[in-house]
Amino acid sequence: MLFGRRKSILGLDIGSSSVKAVELTKAGPEDLVISGIGKAEIESPEMTRDVISQVLKESGIRSKKTVTAVSGRSVIIRNVPMMPIPDEELKQAVTYEADKYIPFDVDEVILDCQRMDEAPDPASGQVKVLLVAVKKTLIEEHVALLESVGLTPLVIDVDVFALGNAFELRNSLLGSDDQQVRALVDIGASKTSINIMRGNSSFFTREIYVAGNDITDAVAKRFGEDPKDVDRMKKDPGGALESMQDAILPVLEDIGSEIRLSFDYFENQFGQEVAEVYISGGTVLFPGMDSMFQQIFNLQTKIWDPTEGLELAGAGFNPAGFGGANSDMAVAVGLASRLRKM
Ligand SMILES: Nc1ncnc2c1ncn2[C@@H]1O[C@H](COP(=O)(O)OP(=O)(O)OP(=O)(O)O)[C@@H](O)[C@H]1O
Ligand SMILES: [Mg+2]
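These notes cover the structure that comes with them. Every residue gets a number counted from 1 within its own chain, in the order that chain's sequence is written. Just so you know, chain letters begin at A and ligand numbers begin at 1, following the order they were written in. At least 70 in pLDDT is required for a residue's local features to be given in this predicted model, at least 80 for side-chain atom pairs to be given and counted, and no such filter applies to totals for whole chains, interfaces and linings, which use all residues.

A few points about the site of ligand 1
- Proximity of a residue to a molecule or strand is defined by its backbone-placed C-beta atom lying within 6 Å of that partner. Near ligand 1, the surroundings consist of 21 residues, among which Gly15, Ser16, Gly188, Gly212 and Gly282 are the closest.
- Mapped onto the shell around ligand 1, the elements with two or more residues apiece are helix H5 (212-223) and helix H6 (227-235).
- Under the convention adopted here, Pro, Cys and the residues Ala, Val, Leu, Ile, Met, Phe, Trp and Tyr are nonpolar, Asp, Glu, Lys and Arg are charged, and Gly plus all remaining residues are polar. Looking at the shell around ligand 1 residue by residue, the classes come out as four nonpolar, twelve polar and five charged.
- What marks off one domain from the next here is an automatic or database domain assignment. Residue assignment places the shell around ligand 1 across two domains, with domain 1 (8-72 + 139-174 + 304-341) and domain 3 (206-302) each supplying three or more. Strands are runs of DSSP state E lasting at least 2 residues, helices are runs of H or I lasting at least 4, and numbering of each runs from the N terminus.

Observations concerning helix H4 (residues 159-174)
- The length a helix should cover is 1.5 Å for every residue beyond the first. Across its 16 residues, H4 extends 23 Å between first and last C-alpha, which sits within 8% of the 22 Å expected from 1.5 Å per residue.
- The complete set of buried residues in H4 reads Asp159, Val160, Phe161, Ala162, Leu163, Gly164, Asn165, Ala166, Phe167, Leu169 and Arg170.
- Each element contacted by the buried residues of H4 is listed here: strand S4 (65-70), strand S8 (152-158), strand S9 (181-187), strand S10 (192-198), strand S11 (201-208) and helix H9 (330-336).
- Trailing H4 by a residue or two, Gly175 shows a phi angle of about 65 degrees, which is positive. Here exposure depends only on C-beta density: within 10 Å of a residue's C-beta, 20 or more other C-beta atoms make it buried, 12 or fewer make it exposed, and intermediate numbers make it partly exposed, the C-beta atoms being placed from the backbone. By the convention adopted here, residues are in contact when the distance between their C-beta atoms, placed from the backbone, does not exceed 7 Å.

Observations concerning the sheet that holds strand S6 (residues 109-115)
- In short, DSSP must find at least two bridges between two strands for them to pair. The three strands lie next to each other as S5-S7-S6, forming an open sheet whose pairing is antiparallel. Looking at the sheet topology across the chains shown, the edges are occupied by strand S5 (75-82) and S6. Put simply, the sheet's adjacent strands are angled 20 degrees from each other on average, direction ignored.
- Pairing of S5 with strand S7 (residues 127-135), which is carried by eight bridges, proceeds in the antiparallel orientation. Pairing of Val80 across the sheet is with Val129, part of S7.
- Set on the sheet, helix H3 (residues 136-148) makes contact with S6 and S7; between it and S7 the angle comes to about 65 degrees. Axis definition: a line fitted to C-alpha atoms, over the contacting stretch in the case of helices. Angles run 0 to 180 degrees between N-to-C directions.

Pasting the structure below:
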């Protein structure tokens, strides 16, 4: 820290439909504040770079140091069982076997790994290692995009892990330290991310490619409207709310049954049941999503706000515009929350 400048990190979530940015600043050793926050829609993919610049300008963000994320089908996440070896040798060993687990050529990807178990499983003698492989081209494009708007990428994370990190931050801010099993479900425009957590530990992650765009399409079809108009209607349904809810229910049931499969898998593997569902992402800003999903899952389902418990301490942006509607900021908050460990 030079000349008393406080440490800040920008968490930048470049989604398929909108850019979300959160800057966190260390106000004290354990005290993080939001020093900048903003979001804007991406009307068409060619506009992404301009939208990022616009969000940075309007959100009071000053840090260039950025944590960002990739997601989608070019990101492979696997739990690999291995005989225990020293952490320093892990990456080489995993790389050696990686072609068994990833559908791409090993030369085409960047690999990372992390040991998940403290002690080996008594029956197999093996430990689980989390393997993450991302296509090099995806990382390169992402880094080039950030650099083109003057940002310095420090870490490239994965959306679904950032979701878990945002929840871990929430637990620490709200003093929640129970070992309840909770499913985090973030429903964006193109995908739904699932992260099943016990306390602060992630046990299972998955992406499903059914989300807000499919909701938009279902409503567009039912009412014979243009999808662009439906995206506007979703934000202000007025008197059309009930008929819209009716039109989207089949899509929510589709998402719900895919998620159910993940819950069943988790329950089989770990012998514990998911107790609660925490939903986030832009899609859950549509009224009534919590009660509709609660009925589908038959489990307590809550919309959560990743900025809860964080003070807004920035200048040059208008936090009033964000009141109560921050559920779509979970990934961005989770990315910036890496500041805690820096
Ligand atoms: N206020 C709102 N009310 C209802 N729906 C909304 C609202 N704001 C955004 N949405 C919907 O949420 C979706 C976008 O959510 P989000 O910003 O989380 O997606 P994304 O991160 O851009 O996409 P992805 O992660 O899938 O690439 C869109 O389908 C949009 O129509
Ligand atoms: Mg997203």
